[in-house]
Amino acid sequence: MAGPVELTPELLGIGFTSQRTRNRMVDRLEKSGVRHPQVLEVMRTLPRHLFVDEALAHRAYEDTALPIGLGQTLSHPLTVARMSERLMSNTPQRVLEIGTGSGFQCAVLACLVPQVWSIERLAQLQKRARERLRRLGLHNVHLRHTDGQWGWPDKAPFDAILVTAAAPRIPQALLEQLAIGGQLLIPVGDDQKQSLWQVSRLEQGFEHQELDPVHFVPLKPGQSN
Ligand code: SAH
């Protein structure tokens, strides 16, 4: 894992993007029940404002999801923190993310676990995410431009798979690419009603658990520019 990133003066931010602003966001995450020390530390140090357009940078630490272009969104900080905390429960070594988007959730994971693979279907978003991850020196991330519902078979099995777009149903390929003892976190549902599901792979099969209501953009088939 990369550990918390080193913030050079140009990455640090000022005013609405300053360390004070990040600290206040982390105070709110703690008040909302996030406990995992490493997750809190990473949320405190990662410059979330670099993952949105400059015009929106001043809103990067607000308790809200933000547009990242092409109709997609960077999730609410609490959503990212809670999903990351849940994912860390079995100390995964190899993690697959579906829906790179801005690259923020991917960057959080890269600081927490040794190896991250992340798939995005929109080439333009992937290109920007790649630049951001490189700028932060996060080299333990492997990106791929394709339809993520088929997973990344040649790199399987994964200890954890995190899907950051809502699927109408759980893709079979992702279940097959889970290691024994691994877990899949995936929002399931449509635009009206979604909840986060945790599927654990045991020796004898899969255990499904429905968690909180959530709201993600849809998982779409195919790939595009
Ligand atoms: N994790 C992202 C959230 C981005 S929103 C972040 O931290 O910013 C969800 C992303 O999933 C979008 O970028 C969308 O293009 C992507 N997506 C939707 N369907 C997909 C699919 N089938 N395969 C890969 N990516 C997909």
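A quick note: this is a predicted structure, and the numbers were derived from the prediction, not measured. (Residues numbered from 1 in each chain as written. Predicted model: local features only at pLDDT ≥ 70, side-chain atom pairs only at ≥ 80, totals over all residues. Heavy atoms only, no water.)

Peer 1: Looking at this structure, I do not really get the packing of aromatic side chains. What am I missing?
Peer 2: With the rule as written, the count across this model stands at two aromatic pairs. When the centroid spacing of 5.3 Å and the interplanar angle of 75° are considered together, the rings of F51 and F104 count as edge-to-face. Residue F51 is located in the loop between helix 3 (37-45) and strand 1 (66-69), and its partner F104 is located in helix 5 (residues 104-112); the two are separated by 53 residues in the primary sequence. Between W117 and F158, the aromatic rings sit 5.7 Å apart at their centres with planes inclined by 65°, giving edge-to-face as the arrangement. With a gap of 41 residues between them, W117 in strand 4 (residues 115-120) and F158 in strand 6 (residues 158-163) connect regions that are remote in the sequence. The same class applies to W117 and to F158, which are both buried. A cation over an aromatic ring shows up here: R48 above the ring of F104, its NZ or CZ 5.1 Å from the ring centre. (Phe/Tyr/Trp six-rings, centres within 6.5 Å; stacked < 30°, edge-to-face > 60°. Helix = DSSP H or I, 4+ residues; strand = E, 2+ residues; numbered from the N terminus. Buried < 20%, exposed > 50% of the residue type's maximum accessible area, 1.4 Å probe, protein only. Lys NZ or Arg CZ within 6 Å of the ring centre and 35° of its normal.)

Peer 1: Could you clarify how one ought to interpret the packing of helix 3 against helix 5 in this entry?
Peer 2: Axes are the key here: two packed helices are described by the angle between their axes and the distance separating the axes. Viewed as axis vectors pointing N to C, helix 3 and helix 5 meet at an angle of 130°, and their least axial separation amounts to 10 Å. Taken together, the axis directions place helix 3 and helix 5 in an arrangement best described as oblique. In the crossing of helix 3 with helix 5, the sense of the turn from one axis to the other is right-handed. Every residue of helix 5 that contacts helix 3 at Q38, V39, V42 and M43 is listed here: F104, V108, C111 and L112. (Axes fitted to C-alpha atoms, helices over the stretch in contact; angles between N-to-C directions. Parallel < 35°, antiparallel > 145°, perpendicular 65-115°, else oblique. Left-handed = near helix turned anticlockwise from the far one by under 90°. Contact = heavy atoms within 4.5 Å.)

Peer 1: Before we go on, may I ask you to explain the site of the ligand in this structure?
Peer 2: The immediate surroundings of the ligand are formed by 25 residues, with S102, E120, D147, G148 and K220 found nearest. The contact in question runs from an oxygen atom of the ligand to an N or O atom on the side chain of S102, over 2.7 Å. Contacts to the ligand include Q105, whose backbone N or O atom sits 3.1 Å from an oxygen atom. Sort the elements by how many residues they give to the shell around the ligand and strand 2 (residues 72-74) lands first, with three residues. Counted by class, the shell around the ligand contains ten nonpolar, ten polar and five charged residues. (Near = heavy atom within 4 Å. Polar contact = N/O pair within 3.5 Å; in protein donor to acceptor, adjacent residues only side chain to side chain. Nonpolar A, V, L, I, M, F, W, Y, C, P; charged D, E, K, R; others polar.)

Peer 1: Would you mind going over the UniProt feature "active site" (unreviewed entry) in the protein chain with me for this structure?
Peer 2: Following the UniProt record, one finds the feature "active site" (unreviewed entry) at S75. Turning to its location among the elements, S75 is positioned in the loop between strand 2 and helix 4 (77-87). Setting aside anything within four residues of it in sequence, one finds S75 in contact with R48, T64, A65, V80 and F216. (UniProt positions renumbered as here; feature names shortened; annotations may be inferred.)

Peer 1: Teacher, can you tell me more about the pairing of strand 8 (residues 194-202) here?
Peer 2: In regular strands, side chains alternate between the two faces of the sheet. Where strand 7 (residues 178-189) lies against strand 8, seven bridges are found, and the strand directions are antiparallel. Looking at strand 8, one finds that Q183 is bridged to S200. Bridge count for strand 8 against strand 9 (residues 205-213) is seven bridges, and the pairing is antiparallel. Paired with Q198 across the bridge in strand 9 is Q209. What sits between the antiparallel neighbours strand 8 and strand 9 is a turn of two residues. (Pairing = 2+ DSSP bridges.)

Peer 1: Explain the pairing of strand 1 to me, please; I cannot follow it from the model alone.
Peer 2: In this sheet, strand 2 lies alongside strand 1 in antiparallel orientation, the contact comprising three bridges. Looking at strand 2, one finds that L66 is bridged to L74. Following strand 1, the chain reverses through two residues before pairing antiparallel with strand 2; L70 in that reversal takes a positive phi of roughly 55°.

Peer 1: Where do I start with the pattern of salt bridges in this structure?
Peer 2: Taken as a whole and assessed by the stated rule, the structure comprises four salt bridges. The shortest N-O distance in the salt bridge between E62 and R59 comes to 3.0 Å. By relative accessible area, E62 is classed as partly exposed at 32%. The class for R59 is partly exposed, based on a relative accessible area of 30%. (Salt bridge = Lys/Arg side-chain N within 4 Å of Asp/Glu carboxyl O.)

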